Amino acid sequence: MDLLWLEDFLALASESNFSRAAAARNLSQPAFSRRIRSLEDWVGVTLVDRDTHRIALTEAGNAFRLVAEEVSRRLAIGRDEAKEIGNARISELRFAATHALSVTFFPAWLQSLEDEAGFGTITLIADHMVACERYMLEGRADFLLCHDHPAATNRLDPSGFSSIHIGQDLLLPVTGADADGKPLNQLPGSHEAPLPYLEFESRSGMGRILQASQTLISGGAILKPVFRSHLANGLLTMARDGRGVTWAPLSLAGPDLESGRLVRAGGEQWDVPIEIRLYRPRARRSPSVERFWNMIRAGSKRAD
């Protein structure tokens, strides 16, 4: 069995789509599909249900996914330990971060920490939440920086990962403004005229949080999806162009709200308070990772 097949399988399990998973692995879809078939031949059972509208894992596939993640993670840890022994990875910190935080939060946060202590090489991978979870589960990142909400879930089980609260943010509804500075779209909308909705897709952590909070349902929002993306920046661009209403983190939408390019599409009852959290594996990592984590813990008021 080729270990690359495991990475292909995990990409497909995360994306639930052959085309997106193939692109993530830098493969053509036919080549990617052949490698998944080869893995299924090696395992001896069907791992992927291809008959459903949305690609899903079979019962055997879900069981094998846990094994594949554990194998990938243990190999990554073993590689890092070998590099430490060989002095090839003494001072390196690898971060995965969701797109919005990689732009709005990470640079200033890291700068504030570097004022207190110097670091070695910093590697940042910016991606959607599903991919970031995969990087952590496969041991390809030491830390994950993401938005979080008590009602939302992620794939980083508390038995294997710990997290620290490092900041606050706010998810709020925004829309373009007319010539008088009034919102082009005003919540909640109506059945006669549902509001055009620029929504997060399923791979987005923001979309996951918004759905878990039940804010749209409890407020009685009447929306008609017209555009979908996992990129908050893309949704904001569409909102600025007057294409609809979207929810966005204040950390990202703040400059547009201040300039008037965007305005609120509803009152504070539509807001979703969210946390910024830093995740790491509970298993011991390199000395530089442990040193960084201990520094963050020492400065944090909330840790679990």
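Look above for the structure.
Below: a short report on this structure. In this text, all values refer to a predicted model and were calculated from it rather than measured experimentally.

## Some remarks on the overall build of the chain
Counting secondary structure elements, the chain contains 12 helices and 11 strands. Relative to its length of 304 residues, the chain is compact, with a C-alpha radius of gyration of 21 Å against a globular reference of 19 Å. Dimensions of the chain along its principal axes, counting C-alpha atoms only, are 65 × 55 × 30 Å. Across the 304 residues of the chain, 48% fall into the buried class. Taking the intrachain contacts of the chain between residues at least 6 apart in sequence as the baseline, contacts between residues at least 24 apart amount to 75%.

## Some words on the environment of Gly 189
Here Gly 189 is to be found in the loop between β6 (161–176) and β7 (195–200). Expressed as a C-alpha distance, the spacing of Gly 189 and Thr 46, which sit 143 residues apart in the sequence, is 45 Å. Contact partners of Gly 189, with chain neighbours within four places excluded, come to Leu 195 and Ile 222.

## With respect to the nonpolar core
Membership of the largest hydrophobic core comes to 29 residues, with the highest contact counts inside it found for Leu 171, Leu 210, Leu 236 and Trp 247. Secondary-structure elements contributing two or more residues to this core are β6, β7, α8 (205–213), α10 (232–240), β9 (245–249), α11 (250–259) and β11 (272–281). Sort the elements by how many residues they give to this core and α10 lands first, with 5 residues.

## Section: the packing of α10 against α11
The geometry of α10 relative to α11 is characterised by a closest axis approach of 11 Å and an angle of 25 degrees between their N-to-C directions. Viewed along their axes, α10 and α11 adopt a mutual orientation that is roughly parallel. Like other packed secondary-structure pairs, α10 and α11 cross with a definite hand, here right-handed. Seen from α10, the contacting residues are Ala 232, Asn 233, Leu 236 and Arg 240; seen from α11, they are Leu 252, Ala 253 and Asp 256. Considered class by class, the residues forming the contact of α10 with α11 number 4 nonpolar, 1 polar and 2 charged.

Cut-offs used in this document
- Residues numbered from 1 in each chain as written.
- Predicted model: local features only at pLDDT ≥ 70, side-chain atom pairs only at ≥ 80, totals over all residues.
- Heavy atoms only, no water.
- Helix = DSSP H or I, 4+ residues; strand = E, 2+ residues; numbered from the N terminus.
- Rg over C-alpha atoms; globule rule 2.2 N^0.38 Å.
- Buried < 20%, exposed > 50% of the residue type's maximum accessible area, 1.4 Å probe, protein only.
- Contact = heavy atoms within 4.5 Å.
- Core = buried A, V, L, I, M, F, W, Y, C linked by side-chain atoms within 4.5 Å.
- Axes fitted to C-alpha atoms, helices over the stretch in contact; angles between N-to-C directions.
- Parallel < 35°, antiparallel > 145°, perpendicular 65-115°, else oblique.
- Left-handed = near helix turned anticlockwise from the far one by under 90°.
- Nonpolar A, V, L, I, M, F, W, Y, C, P; charged D, E, K, R; others polar.

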